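# Results of the structural survey
Each chain, written out:
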Number of protein chains: 2
Amino acid sequence: MPRWEPDARERLVGAALMLFSEQGYDDTTVAQIAERAGLTKSTFHRHFPDKRDVLAAGQATLSKLLAEGIADAPADASPLDAVAEGLRRAAAAFRPEIAAQITAVVATSTELQERAALKQVGMAAAMAEALVARGVPDPVARLAAEMGSLALKAGFAEWAPNADKKDIGALMTEHLERLRKSAAQL
Amino acid sequence: MPRWEPDARERLVGAALMLFSEQGYDDTTVAQIAERAGLTKSTFHRHFPDKRDVLAAGQATLSKLLAEGIADAPADASPLDAVAEGLRRAAAAFRPEIAAQITAVVATSTELQERAALKQVGMAAAMAEALVARGVPDPVARLAAEMGSLALKAGFAEWAPNADKKDIGALMTEHLERLRKSAAQL
C-alpha cells in the first residue's frame, strides 16, 4: 500500500460514517475504520487525532471559507452582509451525499453532539475575527458572528434531509435574514 | 467516614482547583482530588462523572436560575429584558472566592476550555427554551439567548480578576446593554 493516499481522508470519513451507522459510534474503533477504508491505523492518525475528530473534519475548511468570504465582501458591506458573503462562500464545502447520514449519526452520540457544538463555537470565533479585521467593533462583530453561526446551523438542519434538492447557501442566508429581522424585536 | 458529606461537592471542587493549579489538569487524577478533599473516590463519583466535570459543576444551577429569572420577568418585558432578569438571578450562583482560580486553570487546558464552551452552549439553550415558554417566537428567542450567553461570558471575564470588588450581575447586564446597542449596527 503506498504511503501517499490521495483520497485517504475522504475514504476514512466515508468508512467511519458507515461503521457509526451500522454498529454505533461507541463500539467503533479506529482500527475498524482504517480497515474498512482499506488503509492502516497510522494513515488514519496522519489525518485525524481520534475517531471523534472524523466528523469534524470539515471544520478548518469551513472556517477558512467563512473568513475569506467575510474578508472579500465589499468595503461598504454591513457586518451582516459580510457574514452572508462568508456563508455563500462556505456553501461549496458542504457535501450533499453525506449530509443526512452525518445528521443521523450525530443524533445517536452525546460525544459527537459535543464535537458539533464545539465546531460551531470555532466557526463563530473565525467569523468574529474576520469581522474585526474589517474594522467592525468588537461587540458588533461577536454578535454578527453568532448570528452567522445560528444561520449556518439552522440552514444545515433544513438542508440535510433533502440535500440533493436544496441549495445550502440560499438556506443559510435566508436564516440570516430572519435573524436580522428578529434583531428588531429584541 | 460518614456516607453523607454535606459539603462534599464544594470540597471536591476546591481540592480539584488546588491540584489543577499546583500540578496541572492532565496530571491530576480523581483519586488525588478525593484524597485532597478527605473523601473517597466513590464519593467523588456520586457527585461527578469525571474530573473534567468538576469545574462545570455550577452549570445545572446556573441554567436553572437563568430560566427561572426569565420565567419570572414581567409579562410585558421584552425578550432581552427577560434575559437581563435571568442574568441578575444567576448572579447569586457565582462564587467570587474561586473565580480567578477557575479562569487561570481553564486557560491551561484545552479540555477544560472545551468544557467551558459546552457549558455556554447549554446555558444558551436553557435561556432559549425559557423564552419560547414565554411565547417569544423561535428565531428571536434563540438570538436573545445567544446575546445572554455572550453577556454572561464577557461579564464573567471582566469580573473574575476582581471578583471581590465588582458585582457580576451588574457587569453581565451592562454587557447585555452593549449588545442591545450593537444590534442596531448590524
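Residues numbered from 1 in each chain as written. Chains lettered and ligands numbered in written order. Predicted model: local features only at pLDDT ≥ 70, side-chain atom pairs only at ≥ 80, totals over all residues. Heavy atoms only, no water.

## Some details on the relation of the copies chain B and chain A
For these two chains of identical sequence, chain B goes onto chain A by a turn of 180 degrees and a shift of 0.0 Å along the axis, with RMSD 0.0 Å. A rotation of that kind, with that shift, is consistent with a two-fold axis. Relative to the rotation axis, the closest C-alpha in chain B is found at B:Ala183, a distance of 3.1 Å. The overlap is high: 100% of the interface residues of chain B also sit at the interface in chain A, so the same surface is used on both sides. (Least-squares fit on C-alpha atoms with pLDDT ≥ 70 in both. Contact = heavy atoms within 4.5 Å.)

## Some points on the domain arrangement of chain A
It is common to report an interface's size as the accessible area lost on association of the parts. Residues and elements named next belong to chain A. For chain A, the assigned domains read domain 1 (8-53) and domain 2 (59-185). Computed over C-alpha atoms only, the centres of domain 1 and domain 2 are separated by 26 Å. On the domain 2 side, the residues contacting the nine residues of domain 1 number nine residues. With both chains or domains summed, domain 1 and domain 2 bury close to 890 Å², and 60% of this area falls on carbon and sulfur atoms. (Domains from an automatic or database assignment. Buried area = accessible area lost by both parts, 1.4 Å probe.)

## Section: the nonpolar core
Core analysis: the biggest nonpolar cluster contains 80 residues, and A:Leu131, A:Met147, A:Leu186, B:Leu131, B:Met147 and B:Leu186 have the highest contact counts within it. Excluding residues that lie within four positions of it along the chain, A:Leu131 makes contacts with A:Ile70, A:Pro79, A:Ala82, A:Val83, A:Val136, A:Ala141, A:Ala144 and A:Ala145. Within the second largest apolar cluster, 23 residues are counted, among which are A:Ala16, A:Val54, A:Leu55 and A:Val106. (Core = buried A, V, L, I, M, F, W, Y, C linked by side-chain atoms within 4.5 Å. Buried < 20%, exposed > 50% of the residue type's maximum accessible area, 1.4 Å probe, protein only.)

## Observations concerning the packing of aromatic side chains
Residue and element names in this part refer to chain A. Under the defined criterion, the tally for this structure stands at ten aromatic pairs over all chains. Look at Phe94 and Phe156: their rings are 5.9 Å apart centre to centre, the planes differ by 40 degrees, and that puts the pair in the tilted class. Here Phe94 is found in the loop between helix 5 (79-90) and helix 6 (96-106), whereas its partner Phe156 is found in helix 8 (residues 138-159), with 62 residues between them in sequence. Members of the aromatic cluster, connected to one another through ring pairs, are Phe94, Phe156 and Trp159. The ring of Tyr25 carries Lys51 above its face, with NZ or CZ at 4.2 Å from the centroid. (Phe/Tyr/Trp six-rings, centres within 6.5 Å; stacked < 30°, edge-to-face > 60°. Helix = DSSP H or I, 4+ residues; strand = E, 2+ residues; numbered from the N terminus. Lys NZ or Arg CZ within 6 Å of the ring centre and 35° of its normal.)

## Thoughts on the packing of helix 4 (residues 59-72) of chain B against helix 5 (residues 79-90) of chain B
All names here are of chain B. In the contact formed by helix 4 and helix 5, the axes pass within 7 Å of each other and the chain directions differ by 135 degrees. Taken together, the axes of helix 4 and helix 5 are oblique relative to one another. Seen along the crossing, helix 4 lies across helix 5 with a hand that is right-handed. Here helix 4 contributes Leu62, Leu65, Leu66, Glu68, Gly69, Ile70 and Asp72 to the contact with helix 5, which in turn contributes Ala82, Val83, Glu85, Gly86, Leu87, Arg89 and Ala90. A per-class count over the contact of helix 4 with helix 5 returns eight nonpolar, two polar and four charged. (Axes fitted to C-alpha atoms, helices over the stretch in contact; angles between N-to-C directions. Parallel < 35°, antiparallel > 145°, perpendicular 65-115°, else oblique. Left-handed = near helix turned anticlockwise from the far one by under 90°. Nonpolar A, V, L, I, M, F, W, Y, C, P; charged D, E, K, R; others polar.)

## Things to note about helix 7 (residues 110-133) of chain A
Three or four residues apart is the spacing at which side chains of an α-helix point the same way, because the helix has 3.6 residues per turn. All names here are of chain A. For helix 7, with 24 residues, the first-to-last C-alpha span of 35 Å sits near the 34 Å given by 1.5 Å per residue. The opening residue of helix 7 is Ser109, an N-cap whose side-chain oxygen sits 3.3 Å from the backbone nitrogen of Glu111. Gly135 sits one or two residues past helix 7 and shows a positive phi near 95 degrees. (Expected span 1.5 Å × (residues − 1). Polar contact = N/O pair within 3.5 Å; in protein donor to acceptor, adjacent residues only side chain to side chain.)

## Some remarks on the side chain of A:Thr43
Residue and element names in this part refer to chain A. As for its placement among the helices and strands, Thr43 is situated in helix 3 (residues 41-47). What makes Thr43 buried here is its relative accessible area of 5%. Within the structure, Thr43 has its side chain in polar contact with the side chain of Thr40 (distance 2.9 Å). Excluding its chain neighbours within four sequence positions, the residues that come into contact with Thr43 are Ala8 and Leu12.

## Things to note about the environment of B:Ile102
Residues and elements named next belong to chain B. In this structure, Ile102 sits in helix 6 (residues 96-106). Under the relative-accessibility criterion, Ile102 is labelled buried at 18%. Remark: the alpha-carbon pair of Ile102 and Ala116, spanning 14 residues in sequence, is separated by 11 Å.

## Concerning the interface of chain B and chain A
Listed per partner, the contact involves 23 residues of chain B and 23 residues of chain A. With both chains or domains summed, chain B and chain A bury close to 2200 Å², and 74% of this area falls on carbon and sulfur atoms. Summed over the shared surface of chain B and chain A, the number is two salt bridges. Linking A:Arg115 and B:Glu114 is a salt bridge whose minimum nitrogen-to-oxygen distance equals 2.7 Å. Linking chain B to chain A there are six residue pairs in polar contact (both at pLDDT 80 or more). When contributions to the side of chain B that touches chain A are tallied by element, the ones reaching two or more residues are helix 5, helix 7 (110-133), helix 8 (138-159) and helix 9 (168-182) of chain B. For the side of chain B that touches chain A, a count of residues per class yields 15 nonpolar, three polar and five charged. (Salt bridge = Lys/Arg side-chain N within 4 Å of Asp/Glu carboxyl O.)

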